[in-house]
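In case you want the letters, here they are:
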Amino acid sequence: MGESVIPLADLRTLARPARIPAQPIPATGLLSDQLGRPLRDLRISVTDRCNFRCSYCMPKEVFDRDYRFLPQSSLLSFEEITRVASLFVAHGVTKLRLTGGEPLLRKGLEALVQQLSALRTPAGDALDITLTTNGTLLARKAVALREAGLKRVTVSLDALDDAIFRRMNDVDFPVADVLAGIDAALAAGLAPIKINMVVKRGTNDHEIVPLARHVRERFGPGVVLRFIEYMDVGATNGWRLDEVLPSAEVRARLHAAFALEKLPPSAAGETAERWRYADGGGEVGFISSVTQAFCGDCNRARLSTEGKLFLCLFATRGHDLRSLLRGGASDEDIASAIGLAWQERDDRYSELRGSGTADAGSGERRIEMHYIGG
Ligand code: SAM
Ligand code: SF4
Ligand code: SF4
C-alpha cells in the first residue's frame, strides 16, 4: 500500500475562546458533565517536543526537521500552569499527570513539580502527582524530581529486545538506558512505578512475555506493567485496526506463561483493568481503549502545552484558557470558564467508535497525542 503523508494543517491554532458564563460557576468540587461524569484528573502537557519518534505517535516523516514545534513564547509558564491547575483542583481534580511530548525535556521541570506539590484539595489533601516519560532522562533526573515532591512515574517501554526497541523509538535509542532510568527511579523512591507498553500486532507483540518476565525478575512487584491497545489517536500514525492486538489476546498470551487472577478496580474512572500473577509476582494492567470503551466514567481533562483545554483525547478543538490567563481574567472568571466547558462536555469518542458512529459530523482532524499528552 502506498502511504501518502498528509501535511499537518495547524490544528493547534484552532480553538474556541473559553467562554466566561454570565453567571459564575463556583468551584464546589461537584462539577458534572452532560453524562454525569465528575472532573477528577488533569493531564498537563508541558512540551510538544520529544527526543523519540515512535511511529504510533510522532512518525518521523511528519515530525521531521521542517516541522514547526510551538515557540517558547506560546508555552504556558510554570506559574500559569500552577494557577490553572489550582482552579481545576478547586473544581474537584485530585490527580495531576505531567506529560507531553517528552516532559523531561522541559527545562527545570522540577520547579513545576515543586509548585504543583504545594497545592491542596479543598479538603486539605495533597494531590496525586505523576509523570509519564519515555525514561531517557530519568537516570539523570529521578532524585531531583523526588526531592521536588513527585511521588511516582509511568515509563513507556515497548520492547525488551534492543533492536526492536531502537526501531520503535526510531532514533536508535538503546533499551538498556531506559531500564537504567527505571532502576534510578526505584532507587530514588518513586513508587509504585508503572511501565506502559503499546502493543502493535506484527511489530512488538512477541515481546509481551519476555518483557513481562524481565519486569518481574529485575524489578519485582513494585513495578506494574500495563499493556495498551494501539489507538487511532491523532491523524498521522496511519492507524489500522488489524495492527491492534486486543487486550483479551494479550492477556491470554501472558496467562499461558504466568497464571493470572483478576483484581477489583482501585478507583472509579480507572483506565486499566488490573490483574495479578497468581504466584505473587506482582500486578499487570490492560488498557483496552479500542476494544472496551471506558468513556462512561471518563473524568479526565487535558491541558495542552499552550493552554488549551481538551475534554477528550479525540477532540478536534480545545478551549483557549491562555487568552484568559494573559488577558487579565480573574481566578473566578477562569474557574467559571472551566466549569462551563466541563458542564457542556458530552464527548465519548471511544464508545461511538465502538458503535461505528465516531467522527460523524465535524469532519475536523483530531489533535495529535504528543500535543495534548497521553
Ligand atoms: N513521551 C512520554 C512517553 O512516551 O511516555 C509521554 C507522552 S506519550 C504521548 C504518553 C503515552 O501515550 C505513552 O505511554 C505512549 O506510549 C502513549 N501513546 C502514544 N501514542 C499512542 C497510540 N497511538 N496508541 C496508544 N498509546 C499511545
Ligand atoms: Fe515521544 Fe512519548 Fe510520543 Fe514516543 S509516545 S514519540 S516518547 S511523546
Ligand atoms: Fe475519555 Fe474521550 Fe477516551 Fe472516551 S474517548 S475515555 S471520553 S478521553
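Everything below is about the structure printed above this text.
Residues numbered from 1 in each chain as written. Chains lettered and ligands numbered in written order. Predicted model: local features only at pLDDT ≥ 70, side-chain atom pairs only at ≥ 80, totals over all residues. Heavy atoms only, no water.

Trainee: Help me out: how do you make sense of the site of ligand 3 in this one?
Mentor: Residues in close proximity to ligand 3 total 14 residues, the closest being Cys295, Cys298, Cys312, Leu313 and Ser350. Broken down by secondary-structure element, the contributors of at least two residues to the shell around ligand 3 are strand E11 (300–303) and helix H10 (349–354). (Near = heavy atom within 4 Å. Helix = DSSP H or I, 4+ residues; strand = E, 2+ residues; numbered from the N terminus.)

Trainee: Can you walk me through the nonpolar core in this structure?
Mentor: For soluble globular proteins, the rule of thumb is that nonpolar side chains tend to be buried together. Core analysis: the largest hydrophobic core is formed by 116 residues, its most contacted members being Phe88, Phe227 and Leu254. When residues no more than four places from it in sequence are discounted, the contact partners of phenylalanine 88 are Leu39, Leu42, Val93, Ala301, Leu309, Leu321 and Ile338. (Core = buried A, V, L, I, M, F, W, Y, C linked by side-chain atoms within 4.5 Å. Buried < 20%, exposed > 50% of the residue type's maximum accessible area, 1.4 Å probe, protein only. Contact = heavy atoms within 4.5 Å.)

Trainee: Mind showing me how you'd approach the site of ligand 1 here?
Mentor: Residues in contact with ligand 1 amount to 20 residues; listed here are only the nearest, Tyr56, Gly101, Ser156, Met231 and Met369. In this structure, an oxygen atom belonging to ligand 1 sits 3.2 Å away from a main-chain N or O atom of threonine 133. In the model, an oxygen atom of ligand 1 is placed 2.5 Å from a nitrogen or oxygen of the serine 156 side chain. Elements that contribute at least two residues to the shell around ligand 1 include exactly strand E4 (128–133), strand E6 (193–199) and strand E7 (223–229). (Polar contact = N/O pair within 3.5 Å; in protein donor to acceptor, adjacent residues only side chain to side chain.)

Trainee: Can you help me understand the side chain of arginine 53 in this one?
Mentor: You can see arginine 53 is positioned in the loop between strand E2 (41–45) and helix H1 (78–90). No salt bridge is formed by the buried arginine 53. Its closest oppositely charged neighbour is aspartate 64, at 7.8 Å. Within polar-contact distance, the side chain of arginine 53 engages the backbone oxygen of cysteine 50 at 2.9 Å. With residues near it in sequence (within four places) discarded, arginine 53 still touches Met58, Lys60, Phe63, Phe69, Met168, Asn169, Asp170 and Val171. (Lys, Arg positive; Asp, Glu negative; His and termini not counted. Salt bridge = Lys/Arg side-chain N within 4 Å of Asp/Glu carboxyl O.)

Trainee: Mind showing me how you'd approach the side chain of serine 247 here?
Mentor: Mapped onto the elements, serine 247 comes out in helix H7 (residues 247–257). Looking at serine 247, the relative accessible area reads 3%, which means it is buried. In this structure the side chain of serine 247 is engaged in a polar contact, spanning 2.8 Å, whose partner is the side chain of serine 288. Discounting chain neighbours no more than four positions away, the residues touching serine 247 are Glu229, Phe286, Ile287, Ser288 and Thr291.

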